[in-house]
2 protein chains.
Amino acid sequence: MLIVQKYGGTSVGTLERINLVAKRVAKRKDEGNAIVVVVSAMSGVTNKLIDYAEFFSKNPSSRELDMLLSAGERVTSSLLAIALQELGYKAVAFSGRQAGLKTDSFHTKAKIELIDPTSINEALNDDKIVVIAGFQGVDKNGDVTTLGRGGSDLSAVAIAGAIKADLCEIYTDVDGVYTTDPRIEPRARKLDKITYDEMLELASLGAKVLQNRSVELAKKLNINLVTRSSFNENDGTLITGEKKMEGAIISGIALDRNQARVTIRNVDDKPGVAAKIFKILSTQEINVDMIIQNIGTDGVANIGFTVPENELNQTLKALSNLDDSFSVESDSNIVKVSIVGIGMKSHSGIAALAFETLAKNGINIQMISTSEIRISIIVEAKYGELAVRILHEAYELYK
Amino acid sequence: MLIVQKYGGTSVGTLERINLVAKRVAKRKDEGNAIVVVVSAMSGVTNKLIDYAEFFSKNPSSRELDMLLSAGERVTSSLLAIALQELGYKAVAFSGRQAGLKTDSFHTKAKIELIDPTSINEALNDDKIVVIAGFQGVDKNGDVTTLGRGGSDLSAVAIAGAIKADLCEIYTDVDGVYTTDPRIEPRARKLDKITYDEMLELASLGAKVLQNRSVELAKKLNINLVTRSSFNENDGTLITGEKKMEGAIISGIALDRNQARVTIRNVDDKPGVAAKIFKILSTQEINVDMIIQNIGTDGVANIGFTVPENELNQTLKALSNLDDSFSVESDSNIVKVSIVGIGMKSHSGIAALAFETLAKNGINIQMISTSEIRISIIVEAKYGELAVRILHEAYELYK
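Since we're looking at a predicted model, the values are computed, not measured.

Points about the UniProt feature "domain: ACT" (unreviewed entry) in chain A
Taken from the UniProt record, the annotation "domain: ACT" (unreviewed entry) applies to residues 262-333 and 339-399 of chain A. Helix makes up 36% of residues 339-399 of chain A and strand 21%, with an end-to-end C-alpha separation of 16 Å.

What follows is the structure, given as structure tokens:
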């Protein structure tokens, strides 16, 4: 198999851990696989470099910041290549540029435009293990760019696509994707398999395993992703296309504590008013979620939506600048509980079970929104963890 | 003026010092100059990275080592560019590759083959201060290379040549070139000016200010070099072509403590014998200096030479492998005192004054060798510092 592995900052956080990673890579190589490894900076390094830059400027130029930050991954990739060579393997370290990773010029949050896999393929043909500095590429001017948060995952997935890898393994410090946060529900179970869409929903709901950009790219390129821990030998979770499984309807329950609810009352129920509201929020890059508009009565309507808690003040300010006659209420003492599962597409009664379960436990539902594969419910903050546990039980996710 | 400045590791050793460097650069810019800055890694960083590599391997691959080490200068150049921008200047950071510095592929000791100054010139035309990561370039495969010891000085001189700079300022932690080591002779005086050739002699004799490779390149490219301190505003020492000065005959006295003397007795006085001896030393890359061969008597001759003290054992071993009839003696309890001055070309009596001075003070001369601009004398180690002081006095270098 042709495998791309990605090791995050914690996995390469010390020299000793880099050695363990080298042994893990070597083992996969010995099994007869061709291996490309993408590495992050050693944990703490990127933050230290940012601190350095901020010593000089509150707002350092992003071009120079990228050149600065890219040093971290270059160090890790060189060291891992040296460690592999010392174990007797042919290995070569590549920067993002040498790996052929071309991006646009939006420094610190560049998008991958193209990967020219020539150098990687040449090295693989030469039986080398290719170790690539993640998180970085080069733009058309030859300037180093970085890909933003989760950038190394993105490098790995894009490279897997470019070289048509059979598998892309993302190593972190957690075992995989769980039915819910094990700190809330000890009976949470690691999932063997999950679809891209389910993972996207769970990630956007706060599951920290993978950034959405990487999962979206894996879906687009149809890359089999595995997320697993670099600290044990446990199987991870395979993230893949539509799964053929019977029985499993719900994959997981997510809890998002960082939401606030906004309700706008007495909005004129005529075309363009809602548009005006959401346009001003969108120009300020506020991430509006769960929009609910009731059918109007007496020519006025209520509009409810949620925003991230730390964007609430900005939201209220933006709304107060609209000299309209509506009134605005907000509540940040709420949480969003979401039930995610590809199976709910073809099963009825899923939502009903959630509502019944919450009602039976005296938890009032403030807002509901649904998609094809998730149901999200806003409840008072203090009920969040209880809601997760009783829903986890109701859908028998521990099984 | 178009000025290239180079700041060594101590000068950029902390974030605070990088800020001081930024202010110094800014001042030169305000005076109406165009400025290119070449920086080393922050002091200690390169050694730390080497330690990292050696954690994995006693003999890490030089290609990966270069990629690793090059990170240090990239960090400093990014930070200095950010600091300059914060002071309100247009600045841009370039890696060695971006500065157009192309080398051969001898990793960790690459030679500069070519500098394509296009990017630097474009940035200068745009009124930018160009900050370049020293010590590094890129070979024809696109792999990062480093230039070895003193590599950042070499980057600066080569770039000064490529962009036809008026001046190349090398900032270190010393004020310039002195008539002798001030720790030996407190009356040692900083020189305003010195020729390339004198500097070459002094550098090879242990003056630590500049590596010979940089001075040789400056001579070849006819670059005016200034070496000065980044910690004060003192004028430094200008290193330039033939100086037009009256009076000053001798520029300095150097003391080299790291020499050992080897004497080979009873060498057959026929062609090829000396060649055989020095060939075996040269194949082992032993740095032989001060070769003296007396005219033979009775068909045998004596050959004396000096080698660096830490290469003495290797030298003796190499000679013992030559199954010849000669006998070898060695003495590492010696030092080399050298008198350097372009003026001695056209003045007689210089050597005689040295010999008289030493004799008057009871110092026995073991070996002598001379070039057009230097006289080197081997004396017993314990007399080294005394010899420096009395020669400094005799040639009135304190004036």
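Examining the domain arrangement of chain A
Per the domain assignment, the segments of chain A are domain 1 (2-172), domain 2 (261-330) and domain 3 (334-395). The C-alpha-based centres of domain 1 of chain A and domain 2 of chain A are spaced at 42 Å.

A look at the side chain of Thr172(A)
Within the element layout of this structure, Thr172(A) appears in strand β9 (residues 167-172). Here Val174(A) takes part through its backbone nitrogen, which lies 3.1 Å from a polar atom of the side chain of Thr172(A).

Some points on the packing of aromatic side chains
Residues and elements named next belong to chain A. In this structure the tally under the stated criterion is six aromatic pairs over all chains. Where phenylalanine 278 meets phenylalanine 305, the ring centres are 5.3 Å apart and the plane angle is 70°; that geometry is what we call edge-to-face. Taken as a pair, phenylalanine 278 in helix α8 (residues 273-283) and phenylalanine 305 in strand β16 (residues 300-308) lie far apart in primary sequence, 27 residues in all. The residues phenylalanine 278 and phenylalanine 305 share a single accessibility class, namely buried.

A closer look at the sheet that holds strand β16 (residues 300-308) of chain B
All names here are of chain B. Here four strands make up an open sheet; going across it, the order is β15-β16-β14-β17 and the pairing antiparallel. Pairing within the sheet leaves two strands with one partner each, and these edge strands are β15 (289-293) and β17 (327-331). For this sheet, the mean inter-axis angle between neighbouring strands, taken without regard to orientation, is 15°. Looking at chain direction, strand β14 (residues 259-268) and β17 are connected through five bridges and run antiparallel. From the neighbouring strand, arginine 265 faces β17, where its bridge partner is serine 327. Across the sheet, helix α8 (residues 273-283) is in contact with β14, β15 and β16; its angle to β16 comes to roughly 20°.

Digging into the UniProt feature "binding site: substrate" (unreviewed entry) in chain A
Residues and elements named next belong to chain A. Here, the residues flagged by UniProt with the feature "binding site: substrate" (unreviewed entry) are Thr46 and Glu73. In three dimensions, the annotated residues from a span of 28 residues occupy one location, with a maximal C-alpha spread of 8.8 Å. The topology assignment puts threonine 46 in helix α2 (residues 45-56). In this structure threonine 46 touches Ala41, Leu69 and Glu73, once residues within four positions along its chain are discounted. Relative to the elements of secondary structure, glutamate 73 occurs in helix α3 (residues 62-86). In this structure glutamate 73 comes out as buried when scored by relative accessible area, which is 3%. Setting aside its immediate chain neighbours within four residues, glutamate 73 contacts Val39, Ser40, Ala41, Thr46, Ala133, Gly134, Phe135 and Gln136.

Regarding unusual backbone geometry
All names here are of chain A. Positive phi, close to 55°, is recorded for asparagine 222, a residue that is not glycine. Position of asparagine 222 relative to the elements: it lies in the loop between α7 (212-221) and β11 (225-229). Its identity as a non-glycine residue notwithstanding, glutamate 396 has a phi of 55°, on the positive side. By secondary structure assignment, the location of glutamate 396 is in the segment after α11 (384-394).

Remarks on the interface of chain A and chain B
Every contact between the two is made by 42 residues of chain A and, on the other side, 42 residues of chain B. Overall, the association of chain A and chain B removes approximately 3,400 Å² of surface from exposure, summing both partners, and the carbon and sulfur fraction of that is 66%. If you sort the residues of chain A by the area they bury against chain B, Phe56(A), Met67(A) and Arg74(A) come out on top, with a joint share of 22%. Summed over the shared surface of chain A and chain B, the result is zero salt bridges.

Quick look at the packing of helix α1 (residues 15-30) of chain A against α3(A)
Residue and element names in this part refer to chain A. Where α1 contacts α3, the axes come no closer than 9 Å and their chain directions differ by 60°. As summarised for this structure, α1 and α3 are arranged oblique, according to the angle between their axes. For the pair α1 and α3, the crossing hand works out as right-handed. Contacts between α1 and α3 pair Leu15, Ile18, Asn19, Val21, Ala22, Val25 and Ala26 from the former with Thr76, Leu79, Leu80, Ala83 and Leu84 from the latter.

What about α8(B)?
Residue and element names in this part refer to chain B. Looking at α8, one finds that the buried residues are Val273, Ala274, Ile277, Phe278 and Leu281. Down the axis of α8, the buried side of the element spans an arc of 125°, and every buried residue falls inside it. Relative to its buried face, α8 has exposed residues pointing more than 90 degrees away, namely Ala275, Lys279 and Thr283. At its buried positions, α8 is contacted by β14, β15, β16 and α9 (312-320).

Quick notes on the pairing of strand β18 (residues 334-340) of chain A
Each regular strand carries side chains that alternate between the two faces of the sheet. All names here are of chain A. The buried fraction of β18 is high, at seven of seven residues. Where burial is concerned, the two faces of β18 agree: the one with Ile334, Lys336, Ser338 and Val340 and the one with Val335, Val337 and Ile339 are both buried. Pairing geometry for strand β13 (residues 252-256) and β18, over five bridges, is antiparallel. Considered in β18, the bridge of alanine 254 is made with serine 338.

Some details on the relation of the copies chain A and chain B
One copy of the chain maps onto the other through a rotation about an axis followed by a shift along the same axis. Of the transformation superimposing chain A on chain B, the axial component is 0.0 Å and the angular component is 180°, with the fit at an RMSD of 0.1 Å. The relationship between the two copies is best expressed as a two-fold rotation axis. When each C-alpha of chain A is compared by its distance to the rotation axis, Ala71(A) comes out closest, at 2.5 Å. In this assembly, 100% of the residues forming the interface of chain A have copies in chain B that are likewise at the interface, indicating an isologous arrangement.

Section: the environment of Asn224(A)
All names here are of chain A. Relative to the helices and strands, asparagine 224 resides in the loop between α7 and β11. Sequence separation between asparagine 224 and aspartate 166 is 58 residues, and the spatial gap between their C-alpha atoms is 7.0 Å. Here asparagine 224 is in contact with Asp166, Leu167, Cys168, Tyr196, Leu238, Ile239 and Thr240, once residues within four sequence places are set aside. In this structure the side chain of asparagine 224 is engaged in a polar contact, spanning 2.8 Å, whose partner is the side chain of threonine 240.

Describing the sheet that holds strand β20 (residues 374-380) of chain A
Residue and element names in this part refer to chain A. Strand order across the open sheet formed by four strands is β13-β18-β20-β19, with antiparallel pairing between neighbours. The sheet is open, and its two edges are formed by β13 and β19 (367-370), each paired on a single side. The average angle at which neighbouring strand axes cross in this sheet is 20°, direction not considered. Each of β18, β19 and β20 is contacted by helix α10 (residues 350-360), which is oriented at about 15° to β20, the strand it contacts most.

Structural notes on the side chain of Thr263(A)
Residues and elements named next belong to chain A. As for its placement among the helices and strands, threonine 263 is situated in strand β14 (residues 259-268). Looking at threonine 263, the relative accessible area reads 10%, which means it is buried. Within the structure, the side chain of threonine 263 is placed 2.9 Å from the side chain of arginine 261, a separation counted as a polar contact. Once residues within four sequence positions are removed from consideration, threonine 263 is found in contact with Ile303, Gly304, Ser327, Val328 and Glu329.

Here is what the cut-offs are and how they apply
Residues numbered from 1 in each chain as written. Chains lettered and ligands numbered in written order. Predicted model: local features only at pLDDT ≥ 70, side-chain atom pairs only at ≥ 80, totals over all residues. Heavy atoms only, no water. UniProt positions renumbered as here; feature names shortened; annotations may be inferred. Helix = DSSP H or I, 4+ residues; strand = E, 2+ residues; numbered from the N terminus. Domains from an automatic or database assignment. Polar contact = N/O pair within 3.5 Å; in protein donor to acceptor, adjacent residues only side chain to side chain. Phe/Tyr/Trp six-rings, centres within 6.5 Å; stacked < 30°, edge-to-face > 60°. Buried < 20%, exposed > 50% of the residue type's maximum accessible area, 1.4 Å probe, protein only. Pairing = 2+ DSSP bridges. Axes fitted to C-alpha atoms, helices over the stretch in contact; angles between N-to-C directions. Contact = heavy atoms within 4.5 Å. Buried area = accessible area lost by both parts, 1.4 Å probe. Salt bridge = Lys/Arg side-chain N within 4 Å of Asp/Glu carboxyl O. Parallel < 35°, antiparallel > 145°, perpendicular 65-115°, else oblique. Left-handed = near helix turned anticlockwise from the far one by under 90°. Arc of directions from axis to C-beta. Least-squares fit on C-alpha atoms with pLDDT ≥ 70 in both.

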